[in-house]
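As a plain string of letters, each chain reads:
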Amino acid sequence: MKQLILSILISLIAITSFAQKQKTDNRFSGLDAELEKVLGTWKAAGFAVAVVEKDKIIYSKGFGYRDYENKISVTPNTLFAIGSSSKAFTSGLLGILREEDKLSFEDSPIKHIPELRFYNNEMNNLITIKDMMTHRTGLPRHDLSWYFFTSQSRDSLMQRIQYQEPFAKVREQWYYNNFMFLAQGVIAERITGKSWEENLQEKFFDPLEMKNTNAIIDGLKNGKDASFGYEVKNDSIIKKMDYYDIAAMGPAGSINSSVNEMSNWLISWLNGGKFKGNQILPDAYVKEAMSPQMIMANSIPDKEFPEMHLSNYGYGWMVSSYKGHYRVEHGGNINGFSANAAFFPMDSIGIVVLSNQNGSPIPGIVRNIISDRLLKVNKTEWNKIQKEKADEAKKQAAAGQAQSSSIQKKGTKTSHVLAEFSGDYSHPGYGTIDVQFERDSLFASTPYEKVWLKHFHYNIFSLVGLENGKVDTTMVSPMQFNFRINNMGEIASLSFKAEPTVDAIEFKRKPKEIEVDKETLKKYSGDYDLGGQVAKFYLKDGNENTLYLFVAGQPEYELLSTGKDKFTLKIVEGFVIEFLEDKDGNIKEAKFIQPNGVFVAKKK
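Criteria and cut-off values
- Residues numbered from 1 in each chain as written.
- Predicted model: local features only at pLDDT ≥ 70, side-chain atom pairs only at ≥ 80, totals over all residues.
- Heavy atoms only, no water.
- Helix = DSSP H or I, 4+ residues; strand = E, 2+ residues; numbered from the N terminus.
- Contact = heavy atoms within 4.5 Å.
- Areas by Shrake-Rupley, 256 points an atom, 1.4 Å probe, with all protein chains shown as cover.
- Lys, Arg positive; Asp, Glu negative; His and termini not counted.
- Charge placed at Lys NZ, Arg CZ, Asp CG, Glu CD.
- Buried < 20%, exposed > 50% of the residue type's maximum accessible area, 1.4 Å probe, protein only.
- Polar contact = N/O pair within 3.5 Å; in protein donor to acceptor, adjacent residues only side chain to side chain.
- Phe/Tyr/Trp six-rings, centres within 6.5 Å; stacked < 30°, edge-to-face > 60°.
- Pairing = 2+ DSSP bridges.
- Core = buried A, V, L, I, M, F, W, Y, C linked by side-chain atoms within 4.5 Å.
- Axes fitted to C-alpha atoms, helices over the stretch in contact; angles between N-to-C directions.
- Left-handed = near helix turned anticlockwise from the far one by under 90°.
- Nonpolar A, V, L, I, M, F, W, Y, C, P; charged D, E, K, R; others polar.
- Arc of directions from axis to C-beta.

**Describing the overall build of the protein chain**
Scanning the protein chain from terminus to terminus reveals 16 helices and 31 strands. Over its C-alpha atoms, taken along the principal directions, the protein chain stretches across nearly 100 × 60 × 55 Å. In the protein chain, once contacts between residues fewer than 6 apart in sequence are set aside, the share between residues at least 24 apart is 58%. Working note: accessible area of the protein chain is about 28,700 Å², and carbon and sulfur atoms make up 50% of it. Charged side chains of the protein chain number 74 positive and 74 negative; the gap between the two group centres comes to 4 Å.

**Some remarks on the side chain of Ser-371**
As for its placement among the helices and strands, Ser-371 is situated in helix α14 (residues 362–374). Accessibility expressed as a relative area gives 1% for Ser-371, which makes it buried. Polar side-chain contacts of Ser-371 include one of 2.7 Å to the backbone oxygen of Arg-367. If near-sequence neighbours (up to four positions away) are discounted, Ser-371 is found in contact with Tyr-322, Phe-344 and Ile-351.

**A closer look at the packing of aromatic side chains**
Throughout the structure, instances matching the rule amount to 50 aromatic pairs. On the numbers, 5.9 Å between centres and 70 degrees between planes, the contact of Tyr-430 with Phe-507 is edge-to-face. Taken together, the residues span a long stretch of sequence, with Tyr-430 in the loop between β16 (423–427) and β17 (431–438) and Phe-507 in strand β23 (residues 505–510) at a distance of 77 residues. Owing to a relative accessible area of 1%, Tyr-430 belongs among the buried residues under this scheme. Given the relative accessible area of 0%, Phe-507 is considered buried. When the ring of Tyr-524 is compared with that of Phe-579, the centres are 4.5 Å apart and the planes differ by 25 degrees; the resulting orientation is stacked. Residue Tyr-524 is located in the loop between α16 (518–522) and β24 (526–530), and its partner Phe-579 is located in strand β29 (residues 576–581); the two are separated by 55 residues in the primary sequence. When its relative accessible area of 2% is taken as the criterion, Phe-579 is described as buried.

**Things to note about the pairing of strand β26 (residues 543–551)**
When strand β25 (residues 533–540) meets β26, the two strands line up antiparallel, connected through 5 bridges. Residue Lys-536 lies in a different strand from β26, and its bridge partner there is Phe-550. Two successive antiparallel strands, β25 and β26, enclose a turn made up of 2 residues, where Gly-542 displays a positive phi of approximately 85 degrees. Where β26 and strand β27 (residues 557–563) come together, 2 bridges link them in antiparallel fashion. From the neighbouring strand, Tyr-548 faces β27, where its bridge partner is Glu-558. The hairpin formed by β26 and β27 contains 5 residues between the paired strands, and Gly-553 there has a positive phi angle of roughly 85 degrees.

**Examining the nonpolar core**
Counting 84 residues, the largest nonpolar core has Phe-89, Leu-94, Leu-200, Phe-204, Trp-265, Trp-269 and Trp-317 as its most contacted members. Counting residues per element, this core draws most heavily on helix α9 (residues 179–192), which supplies 8 residues. Phe-305, Val-353, Val-366 and Ile-369 belong to the second largest nonpolar core, which has 29 residues in total.

**Notes on the packing of helix α3 (residues 87–99) against α9**
Packed helix pairs are specified by the crossing angle of their axes together with the interaxial distance, meaning the distance between the axes. Where α3 meets α9, the closest approach of the two axes is 9 Å, and the angle between their N-to-C directions is 35 degrees. As α3 runs across α9, the sense of the crossing is left-handed. Within the contact between the two elements, α3 uses Lys-87, Thr-90, Ser-91, Leu-93, Leu-94 and Leu-97 and α9 uses Phe-181, Gln-184, Gly-185, Ile-187, Ala-188, Ile-191 and Thr-192. Here the contact of α3 with α9 is composed, by residue class, of 7 nonpolar, 5 polar and 1 charged.

**Observations regarding the sheet that holds β25**
Around the barrel, which closes on itself, the 8 strands sit in the order β24-β25-β26-β27-β28-β29-β30-β31 with antiparallel pairing between neighbours. When the angles between neighbouring strand axes are averaged without regard to direction, this sheet yields 35 degrees. Bridge analysis of β27 against strand β28 (residues 566–569) gives 4 bridges, and the strand direction is antiparallel. The partner of Ser-561 across the bridge, within β28, is Phe-567.

**Examining helix α10 (residues 196–205)**
Note on helix geometry: an α-helix contains 3.6 residues per turn, so any two residues three or four positions apart are oriented the same way. Of the residues making up α10, those classed as buried are Trp-196, Asn-199, Leu-200, Phe-204 and Phe-205. Across the axial projection of α10, the buried residues extend over an arc of 155 degrees, all falling on one side. Next to the buried residues of α10 lie α3, α8 (154–160), α9 and α12 (259–270).

**A short note on the environment of Gly-253**
As for its position among the elements, Gly-253 is in the loop between β6 (237–241) and β7 (256–257). With relative accessibility at 7%, the residue Gly-253 sits in the buried group. Separated by 167 residues in sequence, Gly-253 and Ser-86 place their C-alpha atoms 4.9 Å apart. The contact partners of Gly-253, leaving out residues within four places of it in the chain, are Gly-83, Ser-84, Ser-86 and Ile-246.

Below you can see the structure in the form of structure tokens.
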């Protein structure tokens, strides 16, 4: 019992000592009140912040609530989703593997993932692992591919890459791309024979004493001191958001951590890859990763902030000059959460800010407020400046929405009745959009969400969100679906501008298949005279719920039922076969409706 009391007393002394040290550090004088003001300005539920100097945490505090509804406070140990602040971890695994001579950054990724293919041979031949680490492959983001069409299979996501169009030549221009960090995680998996999550645990979380940090959504959902994610509705209402399962895309941004545990990660970067005397990351890799490897933007310094300039990318880190001090940082955003991890290697200072607010400016604002104090530079009213910019951006967005409405052609109609737009629309680099006709309206569904398609003009529809199954007209996407008609006069595809730098992505339509029983299909079976040729319709043993067509000299076609007595060819667009009955209800002929004409085949 005496030993237990002594242990508790020692712990209390340590905690008191740490609290006194924070309290007596005049660099943080008045900081709590300043950060509370940030919380109020942005109507945020909460955030946490930690500051490290050399190899110690010198400030660590939570603000607001991790559970806003039940008023449960944020602590420095509260878990948040850190989003793309995860990227430095993923590239760090490759840094360790390079040190072990298991790969070179100049390797083609195809060397380690033989089935990987890009959009063209030039990309296949030129792209290296380093190009993927520095966002210079020529690919734009293509984020809707993984965000709306989620998958638990990394191999499935990797297969989509070959269908994703580039916007520039390899190494010509920097452009952020999450798929390339997925690929880095897969490379580590292939070399080690362990999952990305297992590699993180072994190489980083365990040696850095990040005991509660994890990389799967269940780790956040089931965490003892874990935050919910929130958004702000109508500029004032703090509303809980569902957790987003990034699933197989994890290497691009699925880590969940606290500011206290992320501090250990920053300490290792400030100390040449070491933590408590152990070499976590190779020293040579640390220096290289936080050095400029690719120019992000080539603009000159801003007149408003002439001492904030340079915009470069290392390996999972953004590199810039902050008021004359060398800064390395990376933000992160995922549904309900925003983050920023930053350090000043020449000043031995690190700052991590984690927020439970969706798309929030808070991490950057808090980081800059603290940076001004610790670097002893002129203070900028970051909170005020960012609020003014946000208000101006809202005005511009409203003006843009008004402009969009002004180009609307009033009184126009769709080319077809709405029911004929239904179908499965697919793109191999993305996935399938299920368009359904319900209650006199069109709805579109992906594995992630369902939206209402509001008619804009002609065959163009706006996307409107649903809240608790009901249409919410305040949730209108700037993206629109444009439905295309083929030469047969049928709805053939839909397209939308998924990427600003490339053409609209086209999703090809497959009509909804209608189940037809075996007995009904049998009545279509038989030989038909098609201009002197025999068109044979038949069922197969073991697959008697599918109708097939064979014409000599052509492959066998599987048919899909799309309506009463109506079928399409499963693998060929624009061909329709309609069966006609006589007055007694018997099939008398088949009408072949094709791009080059309509042909009637009499049943023999």
